[in-house]
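Residue-level structural notes
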Amino acid sequence: DAGVTQSPTHLIKTRGQQVTLRCSPKSGHDTVSWYQQALGQGPQFIFQYYEEEERQRGNFPDRFSGHQFPNYSSELNVNALWLGDSALYLCASSFVRGKEQYFGPGTRLTVT
Amino acid sequence: EDKVVQSPLSLVVHEGDTVTLNCSYEVTNFRSLLWYKQEKKAPTFLFMLTSSGIEKKSGRLSSILDKKELFSILNITATQTGDSAVYLCAATKSNTGNQFYFGTGTSLTVIP
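About the thresholds
Residues numbered from 1 in each chain as written. Chains lettered and ligands numbered in written order. Predicted model: local features only at pLDDT ≥ 70, side-chain atom pairs only at ≥ 80, totals over all residues. Heavy atoms only, no water. Helix = DSSP H or I, 4+ residues; strand = E, 2+ residues; numbered from the N terminus. Buried < 20%, exposed > 50% of the residue type's maximum accessible area, 1.4 Å probe, protein only. Areas by Shrake-Rupley, 256 points an atom, 1.4 Å probe, with all protein chains shown as cover. Lys, Arg positive; Asp, Glu negative; His and termini not counted. Charge placed at Lys NZ, Arg CZ, Asp CG, Glu CD. Contact = heavy atoms within 4.5 Å. Buried area = accessible area lost by both parts, 1.4 Å probe. Salt bridge = Lys/Arg side-chain N within 4 Å of Asp/Glu carboxyl O. Polar contact = N/O pair within 3.5 Å; in protein donor to acceptor, adjacent residues only side chain to side chain. Pairing = 2+ DSSP bridges. Axes fitted to C-alpha atoms, helices over the stretch in contact; angles between N-to-C directions. Core = buried A, V, L, I, M, F, W, Y, C linked by side-chain atoms within 4.5 Å. Disulfide = S-S within 2.5 Å.

**Some words on the overall build of chain A**
Helices and strands together make up the secondary structure of chain A, namely 0 helices and 11 strands. The order of helices and strands in chain A, counted from the N terminus, is β-β-β-β-β-β-β-β-β-β-β. Counting only C-alpha atoms and orienting by the principal axes, one finds that chain A spans roughly 35 × 25 × 25 Å. Within chain A, buried positions represent 49% of all 112 residues. With an accessible surface of roughly 5,400 Å², chain A has 48% of that area assigned to carbon and sulfur atoms. The averaged location of the 10 negative side-chain charges in chain A is 7 Å from the averaged location of its 10 positive side-chain charges.

As structure tokens, this is what we get:
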């Protein structure tokens, strides 16, 4: 049983560029959440997707957007990258009413 | 504003020592508190606590929640080098689905 997978593992972009990160949830899970973890900080909630719609959103600007596909996989898009967007981006999956989230290995984004 | 605070920020101990990690929270509509261990990238689930005073144990790790004083502790006895990691606590709310509010984590280093 595959756990949560994310791609790519690492990514280097320059300021102003756009990036797309991908996540496949754990088998049987229907809800995907995205988190940003800056160095030395705890993960910060970006948004959550269920039934292909954004259900919850944290305190992140509109430059951060997402999508969920019918197979429950999800993408995180970030436009007009800033240096401050450099972080580990974690995807977590769960059942919509589940109490536990299972995290993927993350994508390390570096903006230069 | 909802917040989760962990202490200490970092800790260095010798193998065999017992450690106590603290997590306090101020979260409206609190539902549960979770502990995760993060070694390299993906946080891995340790415990979920919803009721006060009921200790959860898993091997050398144990945790308890105090909903009156709004805190939780994670104890690790007879520490081993493999316990070296960042320990994260997160609170969930009853009205925001599976959105997690993380603390900044406690970095534990166990020296042989």
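**Points about the interface of chain A and chain B**
The partner chain B presents 19 residues to the 24 residues of chain A that form the contact. Interface area, chain A with chain B, both sides summed: about 1,700 Å², of which 53% is carbon and sulfur. At the junction of chain A with chain B, the criterion picks out 0 salt bridges. Counting every contact that joins chain A to chain B gives 3 residue pairs in polar contact (both at pLDDT 80 or more). For the side of chain A that touches chain B, the elements supplying multiple residues, two or more each, are strand 4 (31–37), strand 5 (44–50) and strand 9 (87–94) of chain A.

**Structural notes on the sheet that holds strand 1 (residues 3–7) of chain B**
In a beta sheet, neighbouring strands are held together by backbone hydrogen bonds and run either parallel or antiparallel to one another. Residues and elements named next belong to chain B. Overall, antiparallel pairing links the 5 strands, which are arranged 1-3-8-7-6 in an open sheet. Both edges of this open sheet fall to strand 1 and strand 6 (56–58), since each of them pairs with a single strand only. Direction aside, neighbouring strands of the sheet carry axes that sit 15 degrees apart on average. As paired strands, strand 6 and strand 7 (residues 61–66) are joined by 3 bridges and run antiparallel to one another. Within the sheet, the bridge partner assigned to lysine 56 lies in strand 7 and is serine 63.

**Considerations on the environment of leucine 49 of chain B**
Position of leucine 49 of chain B relative to the elements: it lies in strand 5 (residues 44–49). The residues contacting leucine 49 of chain B, other than those within four sequence positions of it, are Ser32, Leu33, Trp35, Ile54, Lys56, Ser63, Ile64, Leu65 and Ser72 of chain B.

**Notes on the sheet that holds strand 8 (residues 74–78) of chain A**
Residues and elements named next belong to chain A. What the 4 strands build is an open sheet, ordered 1-3-8-7; its pairing is antiparallel. Of all the strands in the sheet, the pair left with one neighbour each is strand 1 (5–7) and strand 7 (64–68). Each strand axis lies, on average, 20 degrees off the axis of its neighbour in the sheet, ignoring direction. Bridging between strand 7 and strand 8 involves 5 bridges; their strand directions are antiparallel. Residue pairing across strands places histidine 67 opposite glutamate 75, the latter belonging to strand 8.

**So, the nonpolar core**
In terms of nonpolar packing, the biggest core is built from 24 residues, with Val4, Leu33, Trp35 and Tyr87 of chain B touching the most fellow members. At the level of elements, strand 3 (19–26), strand 4 (30–38), strand 5, strand 7, strand 8 (71–76), strand 9 (85–93) and strand 11 (106–111) of chain B are the ones that each hand at least two residues to this core. Leucine 33 of chain B has contacts with Cys23, Tyr25, Phe47, Met48, Leu49, Leu65, Ser72, Cys89, Ala90 and Ala91 of chain B, leaving out every residue within four places of it along the chain. Trp34, Tyr49, Phe64 and Val78 of chain A belong to the second-largest nonpolar core, a separate cluster that totals 20 residues.

**Here we look at the pattern of salt bridges**
Residues and elements named next belong to chain A. For the coordinates displayed, the defined rule picks out 7 salt bridges over all chains. In this structure, arginine 55 engages glutamate 51 in a salt bridge whose closest nitrogen and oxygen atoms are separated by 3.3 Å. Given the relative accessible area of 38%, arginine 55 is considered partly exposed. One salt bridge connects aspartate 85 with arginine 63, and the closest N-O pair in it is separated by 2.9 Å. Here aspartate 85, found in the loop between strand 8 and strand 9, pairs with arginine 63, found in the loop between strand 6 (53–57) and strand 7; they are 22 residues apart in sequence, far enough to count as distant. One exposure class covers both aspartate 85 and arginine 63, and it is buried.

**Some remarks on the state of the cysteines**
Following the criterion strictly, the structure yields 2 disulfides over all chains and no others. Each sulfur of the disulfide joining cysteine 23 of chain A and cysteine 91 of chain A lies 1.8 Å from the other. Across the S-S bond of cysteine 23 of chain A and cysteine 91 of chain A the torsion is about -55 degrees, and the bridge reads as left-handed. A residue pair is termed long-range when its members are at least 10 positions apart, and cysteine 23 of chain A in strand 3 (residues 19–24) and cysteine 91 of chain A in strand 9 qualify at 68 residues. Note on accessibility: cysteine 23 of chain A and cysteine 91 of chain A belong to one class, buried. Here cysteine 23 of chain B is linked by a disulfide to cysteine 89 of chain B, with a sulfur-sulfur distance of 1.9 Å. On the S-S bond that ties cysteine 23 of chain B to cysteine 89 of chain B, the torsion sits near 75 degrees, and the link is right-handed. With cysteine 23 of chain B in strand 3 and cysteine 89 of chain B in strand 9, the pair connects residues that are 66 residues apart, well separated along the chain.

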